[in-house]
Amino acid sequence: MATGVVFLGPPGSGKGTQAEILAKLLEIPHISTGEILRSAIANSTPLGQKAKGYMDQGELVPNELILDMVRERLHEQDILKGWILDGFPRSVSQATFLDELLNEINYAALCVIDLEVPHDVLIDRLLKRGRQDDTEETIRRRLEVYHEQTEPVTDYYRRQGNLHIVDGNRGPEEVTQSLKDIVQT
Ligand code: AP5
Ligand code: MG
């Protein structure tokens, strides 16, 4: 059966790193809402112009800019074999939206991965990476937003029985091996 994978996990936990590897292995698209927004900013599109201020502050971009974008992406043909969502959903309202969307596209199987990494390791990784939003202040806010708005999403999926918690504080290859074991069984 086609696999729909969702990556949860705080900023710096390795969602993007692992989603990219897994997408290549499974030959399915890697859909990162953060990357879509950063590319919109780089191209100065209306979406990018509206989203930039929120991202620079470490706040979530409002749903009215995100939900249609995700709906359109999951209606494309290349998702029929499966897909990986990285950075979506990150609030309970986005998770309920995704459930409705999955009904719309007749998608049954969902595999949700939560990458766990200690707080100080996250900060260390992000400061070393140095993306536009990897300043000390913005990292602090992104982690708070994760705690306030995205952590409840893990409970949402735990109740659905779809949640897999993975230790992300290991070498990337070890993390990938755990993910393969989860997704391919
Ligand atoms: P987004 O782009 O999703 O960023 P994030 O959640 O803050 O996460 P990061 O991309 O920083 O971390 P990651 O978990 O992908 O880790 P990575 O693999 O890069 O969102 C950015 C912003 O966009 C949000 O703040 C928000 O404003 C907006 N946005 C996006 N989606 C939204 C949505 N759905 N709704 C509303 N707003 C939204 O790894 C980090 C570093 O660690 C890298 O340098 C990597 O090389 C290294 N690393 C990775 N794995 C390991 C390992 N195992 N060991 C050592 N180092 C490692
Ligand atoms: Mg990322």
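Bear in mind the structure is a predicted one, so any value in this text is a computation, not a measurement.

Caption draft 1: Looking closely at the site of ligand 1. Near ligand 1 there are 31 residues, and of these Thr17, Thr33, Glu59, Arg129 and Arg142 occur at the shortest range. Residue Arg90 places a side-chain N or O atom 2.8 Å away from an oxygen atom belonging to ligand 1. Here a nitrogen atom of ligand 1 sits 3.0 Å away from a polar atom, N or O, in the side chain of Gln94. Contact with the protein chains removes 86% of the 1000 Å² of surface that ligand 1 exposes when unbound. Of all the secondary structure elements, the ones that give two or more residues to the shell around ligand 1 are α1 (15-26), α2 (33-42) and α6 (119-129). Partitioned by chemical class, the residues of the shell around ligand 1 number 10 nonpolar, 11 polar and 10 charged.

Caption draft 2: Molecular detail of unusual backbone geometry. In this model, Phe88 is joined to Pro89 through a cis peptide bond whose omega is 0 degrees. In this fold, Pro89 is placed in the loop between β3 (82-86) and α5 (92-104). Positive phi outside glycine occurs at Glu27, with the angle close to 55 degrees. Locating Glu27 in the fold gives a position in the loop between α1 and β2 (30-32).

Caption draft 3: Region of the structure containing the nonpolar core. Counting residues in each nonpolar core, the largest one holds 31 residues, and the members touching the most others are Leu74, Trp83, Leu98 and Tyr157. Of all elements in the fold, only β1 (3-8), α3 (46-57), α4 (63-74), β3, α5, β4 (110-116) and α7 (136-160) reach the threshold of two or more residues within this core. Counting residues per element, this core draws most heavily on α4, at six residues. One finds Phe7, Leu26, Ile28 and Ile182 within the second-largest nonpolar core, a separate group that totals 16 residues.

Caption draft 4: Molecular detail of the packing of α2 against α3. Viewed as axis vectors pointing N to C, α2 and α3 meet at an angle of 115 degrees, and their least axial separation amounts to 8 Å. By crossing handedness, the relation of α2 to α3 is classed as left-handed. Taking contact as the criterion, the partners of Gly34, Leu37, Arg38, Ala40 and Ile41 in α2 are, on α3, Leu47, Gly48, Ala51, Lys52 and Met55.

Caption draft 5: α1, seen in detail. For α1, with 12 residues, the first-to-last C-alpha span of 16 Å sits near the 16 Å given by 1.5 Å per residue. Among all positions in α1, only Lys15, Gln18, Ala19, Leu22, Ala23 and Leu26 are buried. Here the buried residues of α1 occupy an arc of 135 degrees about the axis, which is enough to place them on one side. Residues of α1 that are buried sit in contact with β1, β2, β3, β4 and α8 (172-183).

Caption draft 6: Fine view of α7. With 25 residues, α7 should reach 36 Å at 1.5 Å per residue; the first-to-last C-alpha distance of 35 Å fits that figure. Taking the largest bend as the criterion, α7 deviates by roughly 40 degrees, centred on His147. Among all positions of α7, only Thr138, Ile139, Arg142, Leu143, Val145, Tyr146, Thr150, Val153, Thr154, Tyr156 and Tyr157 are buried. Taken together, the buried residues of α7 touch β1, α3, α5, β4, α6 and β5 (163-167). Gly161, located one to two residues past α7, shows a positive phi value of around 80 degrees.

Caption draft 7: Summary view of the sheet that holds β5. Here we have five strands laid out as an open sheet, ordered β2-β3-β1-β4-β5, and parallel in their pairing. Two strands close off the open sheet at either side, each with one partner strand: β2 and β5. The sheet shows a mean angle of 25 degrees between the axes of neighbouring strands, direction not considered. Direction of pairing for β1 relative to β3: parallel, over a ladder of five bridges. Bridge assignment links Val5 to a residue of β3, and that residue is Ile84. Here α2 sits on the sheet in contact with β2 and β3, set at roughly 65 degrees to β2.

About the cut-offs
- Residues numbered from 1 in each chain as written.
- Chains lettered and ligands numbered in written order.
- Predicted model: local features only at pLDDT ≥ 70, side-chain atom pairs only at ≥ 80, totals over all residues.
- Heavy atoms only, no water.
- Near = heavy atom within 4 Å.
- Polar contact = N/O pair within 3.5 Å; in protein donor to acceptor, adjacent residues only side chain to side chain.
- Areas by Shrake-Rupley, 256 points an atom, 1.4 Å probe, with all protein chains shown as cover.
- Helix = DSSP H or I, 4+ residues; strand = E, 2+ residues; numbered from the N terminus.
- Nonpolar A, V, L, I, M, F, W, Y, C, P; charged D, E, K, R; others polar.
- Core = buried A, V, L, I, M, F, W, Y, C linked by side-chain atoms within 4.5 Å.
- Buried < 20%, exposed > 50% of the residue type's maximum accessible area, 1.4 Å probe, protein only.
- Axes fitted to C-alpha atoms, helices over the stretch in contact; angles between N-to-C directions.
- Left-handed = near helix turned anticlockwise from the far one by under 90°.
- Contact = heavy atoms within 4.5 Å.
- Expected span 1.5 Å × (residues − 1).
- Arc of directions from axis to C-beta.
- Bend = angle between axes of the 7 residues up to and from the residue.
- Pairing = 2+ DSSP bridges.

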